[in-house]
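Chains, contacts and geometry: an overview
Here's the letter readout for the chains.
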Amino acid sequence: MTENPVDDSTPAAAPLVVLNGVNKHYGALHVLQDIDLRIAQGEVVVLIGPSGSGKSTLCRTINRLETIDSGTITIDGRPLPAEGKELARLRAEVGMVFQSFNLFAHKTVLENVVIGQVKVRKVARPQAEKTARELLERVGVGAQADKYPAQLSGGQQQRVAIARALAMKPKVMLFDEPTSALDPEMVNEVLEVMRQLAADGMTMVVVTHEMGFARSAANRVLFMADGKIVEQNTPDAFFTAPRSERAKDFLSKILHH
(Lines give C-alpha, C1' and ligand atoms only; values in the text may rest on other atoms or scores of the structure.)
Protein backbone atom coordinates (compact mmCIF):
# COMPACT_ATOMS: atom_id res chain seq x y z
CA MET A 1 0.00 0.00 0.00
CA THR A 2 1.24 3.48 -0.75
CA GLU A 3 2.28 5.65 2.16
CA ASN A 4 -0.33 8.05 3.44
CA PRO A 5 -0.08 11.31 1.56
CA VAL A 6 0.93 13.79 4.22
CA ASP A 7 -1.18 16.92 4.37
CA ASP A 8 -0.44 19.95 6.48
CA SER A 9 -3.51 19.48 8.65
CA THR A 10 -2.21 16.26 10.19
CA PRO A 11 -0.77 16.99 13.65
CA ALA A 12 2.61 15.58 14.52
CA ALA A 13 1.31 14.02 17.75
CA ALA A 14 0.98 10.25 18.06
CA PRO A 15 -2.06 9.06 16.11
CA LEU A 16 -5.21 8.39 18.12
CA VAL A 17 -6.28 5.29 16.18
CA VAL A 18 -3.78 2.90 14.59
CA LEU A 19 -4.58 -0.21 12.53
CA ASN A 20 -1.61 -2.37 11.58
CA GLY A 21 -1.91 -5.29 9.17
CA VAL A 22 -5.57 -5.90 9.97
CA ASN A 23 -7.19 -8.92 8.28
CA LYS A 24 -10.73 -10.21 8.55
CA HIS A 25 -12.44 -13.16 6.86
CA TYR A 26 -16.06 -14.24 6.67
CA GLY A 27 -15.52 -17.87 5.73
CA ALA A 28 -13.69 -17.83 2.40
CA LEU A 29 -14.34 -14.12 1.87
CA HIS A 30 -11.35 -11.92 2.74
CA VAL A 31 -13.22 -8.74 3.72
CA LEU A 32 -10.29 -6.76 5.14
CA GLN A 33 -6.88 -7.28 3.56
CA ASP A 34 -3.78 -6.02 5.36
CA ILE A 35 -5.32 -2.71 6.40
CA ASP A 36 -2.84 -0.11 7.67
CA LEU A 37 -4.39 3.12 8.87
CA ARG A 38 -3.43 5.95 11.18
CA ILE A 39 -5.96 8.53 12.31
CA ALA A 40 -4.78 11.69 14.04
CA GLN A 41 -6.62 13.37 16.88
CA GLY A 42 -9.22 15.76 15.48
CA GLU A 43 -9.06 14.21 12.02
CA VAL A 44 -12.22 13.41 10.07
CA VAL A 45 -11.72 10.35 7.87
CA VAL A 46 -14.49 9.42 5.45
CA LEU A 47 -14.63 5.88 4.02
CA ILE A 48 -16.26 5.52 0.62
CA GLY A 49 -16.42 2.78 -1.98
CA PRO A 50 -18.77 0.28 -3.57
CA SER A 51 -21.04 -1.96 -1.49
CA GLY A 52 -19.18 -4.94 -0.08
CA SER A 53 -15.81 -3.19 -0.16
CA GLY A 54 -15.27 -3.59 3.61
CA LYS A 55 -16.03 -0.03 4.75
CA SER A 56 -18.56 -0.89 7.46
CA THR A 57 -16.51 -3.87 8.61
CA LEU A 58 -13.45 -1.66 8.97
CA CYS A 59 -15.44 0.93 10.92
CA ARG A 60 -16.88 -1.73 13.22
CA THR A 61 -13.48 -3.29 14.02
CA ILE A 62 -12.41 -0.04 15.70
CA ASN A 63 -14.70 -0.70 18.67
CA ARG A 64 -14.55 -4.48 18.30
CA LEU A 65 -18.12 -4.97 17.11
CA GLU A 66 -16.26 -7.02 14.50
CA THR A 67 -13.35 -9.17 15.62
CA ILE A 68 -10.23 -9.38 13.48
CA ASP A 69 -8.24 -12.46 12.42
CA SER A 70 -4.81 -10.85 12.52
CA GLY A 71 -3.13 -7.51 12.94
CA THR A 72 -3.45 -4.97 15.75
CA ILE A 73 -5.68 -2.01 16.56
CA THR A 74 -4.72 0.55 19.19
CA ILE A 75 -6.70 3.52 20.46
CA ASP A 76 -4.80 6.28 22.19
CA GLY A 77 -1.81 3.97 22.52
CA ARG A 78 -3.73 1.07 24.07
CA PRO A 79 -4.48 -2.20 22.27
CA LEU A 80 -8.12 -3.13 21.78
CA PRO A 81 -9.15 -5.45 24.61
CA ALA A 82 -10.75 -8.77 23.68
CA GLU A 83 -13.72 -8.78 26.03
CA GLY A 84 -15.08 -8.04 29.50
CA LYS A 85 -14.93 -4.82 31.50
CA GLU A 86 -11.96 -3.46 29.58
CA LEU A 87 -13.92 -3.74 26.36
CA ALA A 88 -16.95 -2.00 27.87
CA ARG A 89 -14.64 0.79 28.99
CA LEU A 90 -13.12 1.08 25.55
CA ARG A 91 -16.57 1.25 23.95
CA ALA A 92 -17.32 4.24 26.15
CA GLU A 93 -14.31 5.97 24.55
CA VAL A 94 -15.36 5.07 21.02
CA GLY A 95 -18.80 6.47 20.23
CA MET A 96 -20.81 4.64 17.55
CA VAL A 97 -23.74 5.81 15.46
CA PHE A 98 -25.42 3.18 13.30
CA GLN A 99 -27.76 3.10 10.29
CA SER A 100 -30.59 2.10 12.58
CA PHE A 101 -30.80 4.38 15.57
CA ASN A 102 -30.70 1.62 18.22
CA LEU A 103 -32.43 3.79 20.83
CA PHE A 104 -34.21 2.17 23.77
CA ALA A 105 -37.85 2.32 22.63
CA HIS A 106 -39.28 2.13 26.15
CA LYS A 107 -37.17 4.99 27.54
CA THR A 108 -37.60 8.70 26.94
CA VAL A 109 -35.16 10.61 24.77
CA LEU A 110 -33.60 12.14 27.89
CA GLU A 111 -33.21 8.74 29.57
CA ASN A 112 -31.60 7.33 26.41
CA VAL A 113 -28.85 9.94 26.75
CA VAL A 114 -28.59 9.64 30.56
CA ILE A 115 -28.39 5.86 30.99
CA GLY A 116 -24.90 5.16 29.64
CA GLN A 117 -23.40 8.04 31.60
CA VAL A 118 -24.84 6.66 34.86
CA LYS A 119 -24.25 2.95 34.21
CA VAL A 120 -20.88 2.97 32.43
CA ARG A 121 -19.27 6.30 33.26
CA LYS A 122 -20.70 6.30 36.85
CA VAL A 123 -21.78 9.93 36.52
CA ALA A 124 -24.22 11.14 39.20
CA ARG A 125 -27.75 11.33 37.79
CA PRO A 126 -28.25 15.13 38.20
CA GLN A 127 -25.03 15.79 36.30
CA ALA A 128 -25.93 13.15 33.67
CA GLU A 129 -29.30 14.81 33.10
CA LYS A 130 -27.70 18.25 32.81
CA THR A 131 -25.20 16.92 30.24
CA ALA A 132 -27.99 15.11 28.37
CA ARG A 133 -30.13 18.26 28.11
CA GLU A 134 -27.15 20.32 26.91
CA LEU A 135 -26.31 17.75 24.24
CA LEU A 136 -29.92 17.40 23.09
CA GLU A 137 -29.97 21.20 22.67
CA ARG A 138 -26.69 21.05 20.80
CA VAL A 139 -28.05 18.58 18.24
CA GLY A 140 -31.32 20.51 17.94
CA VAL A 141 -33.77 18.20 19.72
CA GLY A 142 -33.85 19.75 23.20
CA ALA A 143 -37.62 20.18 23.00
CA GLN A 144 -38.08 16.41 22.49
CA ALA A 145 -36.43 15.34 25.77
CA ASP A 146 -39.57 13.87 27.36
CA LYS A 147 -40.86 12.08 24.26
CA TYR A 148 -40.24 8.45 23.31
CA PRO A 149 -38.20 7.55 20.22
CA ALA A 150 -41.28 6.38 18.27
CA GLN A 151 -42.71 9.92 18.56
CA LEU A 152 -39.72 11.39 16.71
CA SER A 153 -38.84 11.53 13.01
CA GLY A 154 -35.94 9.41 11.80
CA GLY A 155 -33.72 12.49 11.57
CA GLN A 156 -34.55 13.44 15.15
CA GLN A 157 -33.89 9.88 16.38
CA GLN A 158 -30.49 9.85 14.69
CA ARG A 159 -29.61 13.18 16.32
CA VAL A 160 -30.58 11.71 19.70
CA ALA A 161 -28.30 8.74 18.91
CA ILE A 162 -25.45 11.19 18.24
CA ALA A 163 -26.16 13.00 21.53
CA ARG A 164 -26.17 9.65 23.34
CA ALA A 165 -22.75 8.77 21.91
CA LEU A 166 -21.36 12.22 22.76
CA ALA A 167 -22.60 11.94 26.34
CA MET A 168 -19.94 9.28 26.96
CA LYS A 169 -17.25 11.85 26.12
CA PRO A 170 -15.67 9.59 23.49
CA LYS A 171 -12.20 10.13 22.08
CA VAL A 172 -13.36 9.10 18.63
CA MET A 173 -16.77 8.79 16.97
CA LEU A 174 -17.62 6.10 14.41
CA PHE A 175 -20.50 6.66 12.01
CA ASP A 176 -21.63 3.63 9.98
CA GLU A 177 -23.82 5.00 7.16
CA PRO A 178 -25.70 7.20 9.63
CA THR A 179 -28.05 8.69 7.02
CA SER A 180 -28.80 5.71 4.77
CA ALA A 181 -32.03 4.76 6.59
CA LEU A 182 -33.37 8.32 6.53
CA ASP A 183 -35.83 10.00 4.20
CA PRO A 184 -33.93 12.37 1.87
CA GLU A 185 -35.25 15.53 3.53
CA MET A 186 -33.87 14.39 6.90
CA VAL A 187 -30.37 13.58 5.70
CA ASN A 188 -29.11 17.15 5.87
CA GLU A 189 -30.22 17.79 9.44
CA VAL A 190 -28.06 14.85 10.58
CA LEU A 191 -25.10 15.77 8.34
CA GLU A 192 -25.27 19.34 9.69
CA VAL A 193 -24.80 18.04 13.26
CA MET A 194 -21.87 15.93 12.05
CA ARG A 195 -20.31 18.90 10.24
CA GLN A 196 -20.54 20.88 13.47
CA LEU A 197 -18.85 18.07 15.41
CA ALA A 198 -16.07 17.98 12.83
CA ALA A 199 -15.65 21.75 13.11
CA ASP A 200 -15.44 21.39 16.90
CA GLY A 201 -12.48 19.03 16.53
CA MET A 202 -14.06 15.60 17.17
CA THR A 203 -12.04 12.70 15.74
CA MET A 204 -14.44 10.94 13.35
CA VAL A 205 -14.50 7.89 11.10
CA VAL A 206 -17.50 8.09 8.77
CA VAL A 207 -18.78 5.47 6.33
CA THR A 208 -21.14 7.27 3.99
CA HIS A 209 -22.54 7.58 0.48
CA GLU A 210 -22.97 11.33 0.97
CA MET A 211 -20.23 12.74 -1.24
CA GLY A 212 -21.12 16.34 -0.40
CA PHE A 213 -20.37 15.60 3.24
CA ALA A 214 -17.10 13.89 2.28
CA ARG A 215 -16.09 16.96 0.27
CA SER A 216 -17.03 19.51 2.90
CA ALA A 217 -16.16 17.84 6.22
CA ALA A 218 -13.40 15.28 5.66
CA ASN A 219 -9.71 15.89 6.18
CA ARG A 220 -9.04 12.67 4.30
CA VAL A 221 -11.08 10.43 2.02
CA LEU A 222 -10.30 6.70 1.95
CA PHE A 223 -11.55 4.82 -1.08
CA MET A 224 -12.02 1.10 -0.45
CA ALA A 225 -12.60 -1.75 -2.89
CA ASP A 226 -12.38 -5.53 -2.38
CA GLY A 227 -11.28 -5.21 1.24
CA LYS A 228 -8.35 -2.90 0.53
CA ILE A 229 -7.70 0.80 0.89
CA VAL A 230 -7.08 1.51 -2.79
CA GLU A 231 -6.50 5.22 -2.49
CA GLN A 232 -6.52 8.00 0.09
CA ASN A 233 -6.18 11.73 -0.29
CA THR A 234 -7.62 15.09 0.65
CA PRO A 235 -11.22 15.48 -0.56
CA ASP A 236 -10.20 18.08 -3.16
CA ALA A 237 -7.48 15.93 -4.65
CA PHE A 238 -9.56 12.75 -4.52
CA PHE A 239 -12.70 14.13 -6.13
CA THR A 240 -10.97 16.23 -8.77
CA ALA A 241 -8.18 13.82 -9.72
CA PRO A 242 -8.63 10.25 -8.47
CA ARG A 243 -5.49 8.22 -9.23
CA SER A 244 -6.80 4.65 -9.47
CA GLU A 245 -9.04 3.23 -12.18
CA ARG A 246 -11.33 1.78 -9.50
CA ALA A 247 -11.89 5.21 -7.96
CA LYS A 248 -12.40 6.89 -11.34
CA ASP A 249 -14.96 4.26 -12.26
CA PHE A 250 -16.76 4.59 -8.90
CA LEU A 251 -16.90 8.38 -9.06
CA SER A 252 -18.11 8.41 -12.67
CA LYS A 253 -21.08 6.29 -11.58
CA ILE A 254 -22.11 8.35 -8.56
CA LEU A 255 -21.20 11.94 -9.37
CA HIS A 256 -23.77 13.42 -11.67
CA HIS A 257 -22.07 16.30 -13.39
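Residue numbering note: each chain is counted from 1, following its sequence as written. Side-chain atom pairs in this predicted model are given and counted only at pLDDT of 80 or more, local residue features only at pLDDT of at least 70, and totals for whole chains, interfaces and linings cover all residues. Side-chain numbers here rest on the full set of heavy atoms in the structure, without hydrogens or water.

Rule in force here: UniProt positions are given in the numbering used here, feature names are shortened, and annotations may be inferred rather than shown by experiment.
If you look the protein up in an unreviewed UniProt entry, it shows as ABC-type polar-amino-acid transporter from Streptomyces kaniharaensis. We quote the UniProt Sequence similarities (unreviewed entry) comment for the protein here in full: "Belongs to the ABC transporter superfamily." As recorded by UniProt, the Catalytic activity (unreviewed entry) comment attached to the protein reads in full: "a polar amino acid(out) + ATP + H2O = a polar amino acid(in) + ADP + phosphate + H(+)".

Concerning the pairing of strand E1 (residues 17–26)
This is how the line gets drawn: Strand pairing is defined by DSSP finding a minimum of two bridges between the two strands. Secondary structure follows DSSP: runs of H or I at least 4 residues long count as helices, runs of E at least 2 residues long count as strands, and numbering of each begins at the N terminus.
Strand direction decides the pairing type here: E1 and strand E2 (residues 29–39), joined by 7 bridges, are antiparallel. Bridge pairing in E2 places Val18 opposite Arg38. In textbook terms, the turn of a hairpin is the stretch between consecutive antiparallel strands, and for E1 and E2 this stretch comprises 2 residues, one of which, Gly27, has a positive phi near 60 degrees. When E1 meets strand E4 (residues 70–75), the two strands line up antiparallel, connected through 5 bridges. Note on E4: the bridge partner recorded for Asn20 is Thr72.

Overview of the pattern of salt bridges
Using the following cut-off: Throughout this description, the term salt bridge denotes a Lys or Arg side-chain nitrogen within 4 Å of a carboxyl oxygen of Asp or Glu. Remark: exposure states derive from per-residue accessible area (1.4 Å probe, protein chains only) relative to the maximum for the residue type, with buried under 20%, exposed over 50%, and partly exposed in between.
Applying the stated criterion across every chain, the model contains 16 salt bridges. For the salt bridge of Arg60 with Asp176, the shortest nitrogen-to-oxygen distance reads 4.0 Å. Within this pair, whereas Arg60 is found in helix H1 (residues 55–61), its partner Asp176 is found in strand E7 (residues 172–176), the two being separated by 116 residues in sequence. According to the relative accessible area criterion, Arg60 is partly exposed, its value standing at 24%. One connected set of salt bridges, linked through shared partners, spans Lys24, Arg60, Glu66 and Asp176.

Details of the side chain of Thr203
In plain terms, the rule: Each polar contact in these results corresponds to two N or O atoms within 3.5 Å; when the atoms are within protein, one needs to be able to donate a hydrogen and the other to accept it, and residues that are neighboring in sequence are counted only if both atoms are side-chain atoms. The contact definition used throughout considers only heavy atoms, calling two residues in contact when any of these lie within 4.5 Å.
Here Thr203 is to be found in strand E8 (residues 203–207). A polar side-chain atom of Thr203 sits 2.6 Å from the main-chain amide nitrogen of Gly42. Sequence-distant contacts of Thr203, that is, excluding residues within four places in its chain, are made with Leu16, Ile39, Ala40, Gln41, Gly42, Glu43, Lys171, Val172 and Met173.

Let's talk about the sheet that holds E1
Taken in spatial order, the 4 strands of this open sheet run E2-E1-E4-E5, and their pairing is antiparallel. With one partner strand each, in any of the chains shown, E2 and strand E5 (78–79) form the two edges of the open sheet. Here E4 pairs with E5 via 2 bridges, running antiparallel. By the bridge assignment, Ile75 is partnered in E5 with Arg78.

Digging into the environment of Leu19
Here Leu19 shows up in strand E1. Counting along the chain gives 19 residues from Leu19 to Arg38, while the straight-line C-alpha distance between them is 6.4 Å. Apart from residues no more than four positions distant in its own chain, Leu19 is found in contact with Ile35, Asp36, Leu37, Arg38, Leu58, Thr61, Ile62, Thr72 and Ile73.

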